[in-house]
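# Structural overview
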Amino acid sequence: MPRKNIIVDTDAGPDDLLALGYLLVHPDITVEAITLAYGLAHAECAAINISRMVAAFSTGHVPVYIGHTKPLEGNAAFPERWRKLSDDLPGVSLPKAYVPPQEEHAVSFLERRLSRASRPVRVLALGALTNLTTLTRASAPAMEELVIMGGAVDVPGNVNDSDEFVSPSGKTEWNFFVDPLAASKVFSSDLPITLIPLDATNQVPVKIPFIDGFTRMARCPIGRMTSQVLETVRPFAEQGIFYAWDPLAAVYLINPDIVTLARFPIEVKASGPDAGISRRSDAGCKCFVATSAQGELFTRYFTAPFEISARAYS
C-alpha cells in the first residue's frame, strides 16, 4: 500500500496526541507537517509539546507551524482547567530536545503547500477551523480530502460536559463552539470535506479496559508515550465522558470502513444563540458525514500499528 501523506491541524489536546501517536507509528502514513490550531492547548505550550513529540518519535523531520491563537471573532474558549491539562501533560514524558517551530505562520504554509497540485495531500483538522478559512478548491488543488473532527448533526452537543460552562443551546460541539465563524466559513466553502461528528464518536467511548490493555501492550517508545497520555484522561474515562474523538478521525484515514458515510449539505451557524450548531441545510457545503462508527473495530484498528512496532522491543 502506498504511504498516505497527511497534514495535521491540531489544538494539541490529549485526544489529539493519541491521534498523532497513531499517525506517527503507522507504517502507511507520512505526517508531512503539523499546524497548530486554536483550541485546547495554548500556542506556546502546544508548539513545544508537539515539537518534542515529533523530534522523539517521527522517522524524519516533521515541521511544526503555529497558527491563529484566537478565534476569528468573540472570545469563546475551552475551560481553563482543560487547557492547563493540555499545556502541562502531567505524567507524560517528552524529551527536552526538539526542533523549534517554523517562523512561517501556519496559514501561510497551508496556502503555499496546498497550492501545489502535483503533490496531493490530505488534511486532518482536530481543533477549531481557524487556520483553514482562506482555502477553496481553486486555491488548494493539492487537498485530496479535508477530514474534520467536529460538530453534532443528529445528536446533542457536548458543550455541557464541564461544570464551568454550558452551551446556551445544548446542540454545539466544542471545536465548532470555540470558533463558530471559522466553522461557518469552512462549511460555506467548496472544499472536499469529510466530517467525523459526535454522531460517530459517541459510539467509540474510551473505557478503562482499553486503557489497561493498551498499557500492557505498548512497548515501543511512542506506544509508551501514548499510554501515558491515556493515563492523563483516566479520570474522564472512569466517568464515562471521554471518547475517541480525534483518534477515530485518524483511524478513518487508513480504515474508512470504521464509519458509515452519507453525503448531504451541512451548515454551521456563525453567531447568535445558535453559534456553532452544525445542521443539515441546503445553504451549507455538501460533504460526506460519518453518521455512525463501529466501536468494536476501533480497538483493533488503533492498536494494530503499535503492536507491530512493539514486536521490535519484545
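Below you will find a few notes about this structure. None of these values were measured; they are calculated from a predicted model.

Checked against the element boundaries, serine 86 lands in helix H3 (residues 80–88). Excluding residues within four positions of it along the chain, serine 86 makes contact with Ala12, Gly13, Pro14, Leu40, Ala41 and Asn49.

We now examine the packing of aromatic side chains. One pass over the full model with this rule turns up 16 aromatic pairs. Between phenylalanine 78 and tryptophan 174, the aromatic rings sit 5.0 Å apart at their centres with planes inclined by 20 degrees, giving stacked as the arrangement. With phenylalanine 78 in the loop between strand S3 (64–66) and H3 and tryptophan 174 in helix H5 (residues 174–177), this pair connects stretches of sequence that are 96 residues apart. Owing to a relative accessible area of 3%, tryptophan 174 belongs among the buried residues under this scheme. Through a chain of ring-to-ring contacts, three or more aromatic side chains come together here, namely Tyr22, Phe210, Phe214, Phe298, Phe302 and Phe306. Above the face of the phenylalanine 288 ring, arginine 263 is positioned so that its terminal group lies 5.3 Å from the ring centre.

To continue, consider unusual backbone geometry. For alanine 12, which is not glycine, the phi torsion reads 60 degrees and is therefore positive. By secondary structure assignment, the location of alanine 12 is in the loop between strand S1 (4–10) and helix H1 (14–25). A positive phi is found at leucine 89, a non-glycine position, where the angle reads about 45 degrees. Relative to the elements of secondary structure, leucine 89 occurs in the loop between H3 and helix H4 (106–114).

This paragraph deals with the environment of tryptophan 245. For tryptophan 245, the location among the structural elements is in helix H11 (residues 245–254). Placed 14 residues apart in sequence, tryptophan 245 and valine 259 show a C-alpha to C-alpha distance of 13 Å. With near-sequence residues (within four places) excluded, tryptophan 245 lies in contact with Asp15, Met149, Asn158, Leu198 and Thr201.

This part covers the side chain of arginine 234. By the secondary structure assignment, arginine 234 is in helix H10 (residues 234–238). Within the structure, the side chain of arginine 234 is placed 2.7 Å from the side chain of aspartate 212, a separation counted as a polar contact. With sequence-adjacent residues up to four places away left out, arginine 234 is seen in contact with Ile208, Ile211 and Asp212.

The geometry of helix H8 (residues 208–217) relative to helix H12 (residues 295–310) is characterised by a closest axis approach of 10 Å and an angle of 15 degrees between their N-to-C directions. The angle between H8 and H12 places the two elements in the roughly parallel class. In this structure, the crossing between H8 and H12 has a hand that is right-handed. Residues Phe210, Phe214 and Met217 of H8 pack against Phe298, Thr299, Phe302, Thr303, Phe306, Glu307 and Ala310 of H12. By residue class, the composition of the contact of H8 with H12 is seven nonpolar, two polar and one charged.

Right, let's talk about the pattern of salt bridges for a bit. Here the structure, examined in full by the defined rule, presents nine salt bridges. Ionic pairing is found between glutamate 145 and arginine 122, a salt bridge with its closest N-O pair at 2.6 Å. Of this pair, glutamate 145 sits in strand S5 (residues 143–149) while arginine 122 sits in strand S4 (residues 121–125), placing them 23 residues apart in sequence. Side by side, glutamate 145 and arginine 122 carry an identical accessibility label, which is buried. Residue arginine 234 pairs with aspartate 212 through a salt bridge whose shortest N-O separation is 2.7 Å. Of the two residues, arginine 234 is situated in helix H10 and aspartate 212 in helix H8; the sequence distance between them amounts to 22 residues.

Right, let's get into the nonpolar core. Leu23, Ile34, Ile50, Leu124, Leu248, Phe298 and Phe302 are the most contacted members of the largest nonpolar core, which has 79 residues in total. Once you skip the residues sitting within four places of it in the chain, phenylalanine 298 turns out to touch Val204, Phe210, Ala244, Pro247, Leu248, Val251 and Ile258. The next biggest cluster of nonpolar side chains, apart from the first, holds 33 residues, and it includes Leu114, Leu132, Ala182 and Cys285.

Next up on the list: the environment of leucine 72. Relative to the assigned elements, leucine 72 resides in the loop between S3 and H3. You can call leucine 72 partly exposed: its relative accessible area is 35%. The spatial distance from the C-alpha of leucine 72 to the C-alpha of threonine 133 is 9.5 Å, given a sequence separation of 61 residues. The residues touching leucine 72, leaving out its near neighbours within four places in the chain, are Thr130, Thr133, Asp179, Leu181, Ala182 and Lys185.

The next thing to look at is the packing of H1 against helix H2 (residues 43–57). Helix-helix packing is described using two parameters, namely the angle between the two axes and the distance between the axes. For the pair H1 and H2, interaxial distance at closest approach is 11 Å and the crossing angle is 20 degrees. On the basis of the axis angle, H1 is roughly parallel to H2. Crossing of H1 over H2 shows right-handed handedness. Mapping the contact onto sequence places Leu17, Leu20, Gly21 and Leu24 in H1 and Ile50, Met53 and Val54 in H2. By residue class, the composition of the contact of H1 with H2 is six nonpolar, one polar and no charged.

Thresholds applied
Residues numbered from 1 in each chain as written. Predicted model: local features only at pLDDT ≥ 70, side-chain atom pairs only at ≥ 80, totals over all residues. Heavy atoms only, no water. Helix = DSSP H or I, 4+ residues; strand = E, 2+ residues; numbered from the N terminus. Contact = heavy atoms within 4.5 Å. Phe/Tyr/Trp six-rings, centres within 6.5 Å; stacked < 30°, edge-to-face > 60°. Buried < 20%, exposed > 50% of the residue type's maximum accessible area, 1.4 Å probe, protein only. Lys NZ or Arg CZ within 6 Å of the ring centre and 35° of its normal. Polar contact = N/O pair within 3.5 Å; in protein donor to acceptor, adjacent residues only side chain to side chain. Axes fitted to C-alpha atoms, helices over the stretch in contact; angles between N-to-C directions. Parallel < 35°, antiparallel > 145°, perpendicular 65-115°, else oblique. Left-handed = near helix turned anticlockwise from the far one by under 90°. Nonpolar A, V, L, I, M, F, W, Y, C, P; charged D, E, K, R; others polar. Salt bridge = Lys/Arg side-chain N within 4 Å of Asp/Glu carboxyl O. Core = buried A, V, L, I, M, F, W, Y, C linked by side-chain atoms within 4.5 Å.

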